[in-house]
Every structure is written in C-alpha cells, then in structure tokens.
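A structural walkthrough
Below, each chain spelled out in residue letters.
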Amino acid sequence: MYKILTIAGSDCSGGAGIQADIKTITAHGMYAMSAITSLTAQNTTGVYGIYDSSAEFLCKQLDCIFTDIFPNAVKIGMVSDKELIKAIADKLKEYKAVNIVVDPVMVSTSGSRLLKDDAIETLERELLPLALVITPNLDEAGVLLGRKIGNVEDMKNAACKLSEKYGCSVLIKGGHLNEKATDVLYDKGNIYEFSSERIDTKNTHGTGCTLSSAIACNAGKGCSLEESIRNAKDYLTGALKAGLDIGKGNGPVNHCYKIGQV
C-alpha cells in the first residue's frame, strides 16, 4: 500500500487541512499519516484561533513517521511560523523525503491570514526549493513573485519565473480568473494548461488542500507530474460536483464521493 504523509494544520470542522488531506488520501486507497503544525479553531465561516505546535514536538512527530513508515510522498500545507518551517525543511533533508508537494497556504477561503509575515522569507529559502511542485493560487503566486497576476499569459510567465527562483516545478491555480477553471504548470521547461468545468457552488472550503493531497497521492504511486495533476483535478471536480452542502459559510467538498454518499 502507498503511504502518504501530510504536514499541515488541523481543521476542527473537517473540511480543510489535515482532515481534508486524510480523507483525500483514504479516498485514493492509500495509507494516510499526519504531522500537525497547528491546531485551528475554524469552521465554514472563518478561522477563529490558531495554536501552533512547538518546533521540537513537530520534529518528534516527523521522526516517529520517517523512522517507522517511510512515506511515498509528502504534502505540506499550512505552516504559520518560521521555526516550524525550518524544522520541517531540516527533517525532510535528513530523511531524504521524496515527492514533496508544497501548498504555500497564506490565506484561508474565508479570508483569514494563515502565514505570519516574517515566515514568508523562511518558506521561500528553506522549504520551496525542496519541492517536486508548489501549488500557489493566484494571490499566493502574486505574493511570491511580487506582482499581480491578471490572466493566463501572466500565469505562464509567473510559473516560469517562480520555477527559476526556487528550482522546482510550479502549478498556479487559476481560481476565478476566467470562465473555466484553468491551472498552469511549468515543469522542466514545458508549460501545460489544465482546464476543467467550473462548478457553480460556494462550497469550496479546503479545495487547495484537497488538490495538493491528490497530487501527492498520484506522484507517490509513480505517475508523472502532468498525469498527477490531471488525475487530481478530475478527483476534485467530482468532489465539487457531488454537491455536499454543510455549514453556514463556504462548505467543504465531498471527499468520499467515490466510496459512498455521506
């Protein structure tokens, strides 16, 4: 069985973060492991509190995982503190982790800030260069690049620039940029576009977490990066189309649509 590790924050309401990652990995028929960077008090309406793990305790979690059940891929999501970012990077290098997918989570779907300002430089210096691929949305890519991204051509240029900057492949998620949900991948000198139908729903809580976890699942079983992303987008589209409607705000997707209705 393929084994996938998620390193991220916990969402007590179950729609994003560690919980979304574990559901996604399980839906792919794989064994999910988790190292928790933060506890959050959140639901579909917003984030109401963040309590970070200590760097020391996060390291202990990672030691326990890597010395016993070595993962085929690693997904990294919310890490709000620079000391935690450094700890993760050090452990990934120590254990020679493979197939690292980094979702540089900066702001939640509800608009809450999830990354401290002084942590961005550490993220760029320590963690992003270790990635197989990073998966920023338009706003996150704009922060990393230092300028606004306004169309698909901008996305292509930005993905190329970010790849040169960090030495990894870059998938920029198009979000609501146009009528179709178009993402752009820059991978080893090649540019790929991934377009899928736009699902008319407000229930998009945790979609970034879900997509990056699905990419890690596919990469972990040996798919090419292009195939991993295509498969992951198909899975996410199905989870959105399943029409789960839970909560008073931006609800979660149905991660389990392939294995039965919830």
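For the structure itself, look to the data block above.
These lines cover the structure that appears in this document, whether it is placed above or below. (Residues numbered from 1 in each chain as written. Predicted model: local features only at pLDDT ≥ 70, side-chain atom pairs only at ≥ 80, totals over all residues. Heavy atoms only, no water.)

Digging into the overall build of the chain
Let me state the cut-off plainly: Starting at the N terminus, helices and strands are each numbered in turn, a helix being any DSSP run of H or I of at least four residues and a strand any DSSP run of E of at least two. Here the globule rule is a power law, 2.2 Å times the number of residues to the power 0.38, and the radius of gyration is based on C-alpha atoms. A simple rule labels every residue: compare its accessible area, found with a 1.4 Å probe on the protein chains alone, to the largest value its type can have, and call it buried under 20%, exposed over 50%, or partly exposed in between.
Counting its regular elements, the chain contains eight helices and nine strands. What you see for the chain is a C-alpha radius of gyration of 17 Å, in line with the 18 Å of a compact globule of 262 residues. For the chain, the spread of C-alpha atoms along the principal axes amounts to about 45 × 40 × 35 Å. For the chain, buried positions account for 55% of its 262 residues.

Focus on the sheet that holds strand β3 (residues 46-52)
Backbone-to-backbone hydrogen bonds pair the strands of a sheet. The strands run either parallel or antiparallel. Just so we agree on the cut-off: By this definition, two strands are paired if DSSP reports at least two bridges between them. Contacts were defined at the residue level, with two residues in contact if any of their heavy atoms lie within 4.5 Å. Here an axis means a line fitted to C-alpha atoms, over the contact stretch when the element is a helix, while the angle between two N-to-C directions is reported on a 0 to 180 degree scale.
Overall, mixed pairing links the nine strands, which are arranged β3-β2-β1-β4-β5-β6-β7-β8-β9 in an open sheet. Edge positions in the sheet fall to β3 and β9 (190-196), since each of these pairs with one other strand and no more. Where strand β8 (residues 181-187) lies against β9, seven bridges are found, and the strand directions are antiparallel. Counted as the bridge partner of T182 is S195 from β9. Relative to the sheet, helix α2 (residues 55-66) contacts β1 (3-11), β2 (31-43) and β4 (73-76), its axis offset from that of β2 by approximately 155 degrees.

Thoughts on the packing of aromatic side chains
The line we're drawing: Pairing of aromatic rings covers Phe, Tyr and the six-membered ring of Trp, with a centre-to-centre limit of 6.5 Å; geometry is then stacked below 30 degrees between planes, edge-to-face above 60, and tilted otherwise.
According to the stated counting rule, one finds three aromatic pairs in the structure shown. Pairing F66 with Y95 gives two aromatic rings, centres 5.1 Å apart and planes at 0 degrees, and the pair type is stacked. In this pair, F66 sits in helix α2 while Y95 sits in the loop between α3 (82-94) and β5 (100-102), placing the two residues 29 residues apart along the sequence. Assigned by exposure class, F66 and Y95 land together as buried. Chaining the aromatic ring pairs together yields one cluster made of F66, F70 and Y95.

A closer look at the pattern of salt bridges
Short version of the rule: Definition used for salt bridges: Asp or Glu carboxyl oxygen within 4 Å of a side-chain nitrogen of Lys or Arg.
Taken as a whole, this structure holds 13 salt bridges when the rule is applied. Of the charged contacts, one joins K75 and D21 as a salt bridge, the two residues approaching to 3.0 Å between their closest N and O atoms. Placement of the pair is K75 in strand β4 and D21 in helix α1 (residues 17-27), with a sequence separation of 54 residues. Both residues of the pair, K75 and D21, belong to the buried class. When the shortest N-O distance is used, the salt bridge between R230 and E226 registers 3.1 Å. One end of the pair is R230 and the other is E226, both in helix α8 (residues 225-241) and four residues apart, which spans about a single turn. The exposure class of E226 is partly exposed, given its relative accessible area of 28%. Ionic contacts of the salt-bridge type, sharing partners, join the residues K93, E121, R125 and E126 into one network.

Quick notes on the environment of R198
As for its placement among the helices and strands, R198 is situated in the loop between β9 and α7 (207-220). Separated by 42 residues in the primary sequence, R198 and L240 have C-alpha atoms spaced 9.5 Å apart.

Observations concerning the state of the cysteines
Which entries qualify depends on this criterion: By definition, disulfides here are pairs of cysteine sulfur atoms that lie within 2.5 Å.
A full pass over the atoms with the stated rule returns zero disulfides. The thiol of C223 is unpaired, and the distance to the nearest cysteine sulfur, on C217, comes to 10 Å.

Details of unusual backbone geometry
Positive phi values are uncommon outside glycine, yet K96 reaches one of about 55 degrees. Note that K96 resides in the loop between α3 and β5. The phi dihedral of K188 falls on the positive side, at around 55 degrees, and the residue is not glycine. Given the relative accessible area of 76%, K188 is considered exposed.

Comments concerning the environment of F66
F66 sits in the buried class, given a relative accessible area of 5%. Excluding its chain neighbours within four sequence positions, the residues that come into contact with F66 are L5, P71, V74, L92, Y95 and A97.

What to know about α2
The condition is simple: Helix span, as expected, comes to 1.5 Å for every residue beyond the first. Think of the arc as the fan of directions from the helix axis to the C-beta atoms.
In this model, α2 (12 residues) spans 16 Å end to end at C-alpha, consistent with the 16 Å of a helix rising 1.5 Å per residue. Among all positions of α2, only L58, C59, Q61, L62, I65 and F66 are buried. Looking down the long axis of α2, one finds its buried residues gathered within 160 degrees of arc, a one-sided arrangement. Across from the buried face of α2, at angles greater than 90 degrees, the exposed residues are E56 and C64. The inward-facing, buried residues of α2 contact β1, β2, β4 and α3.

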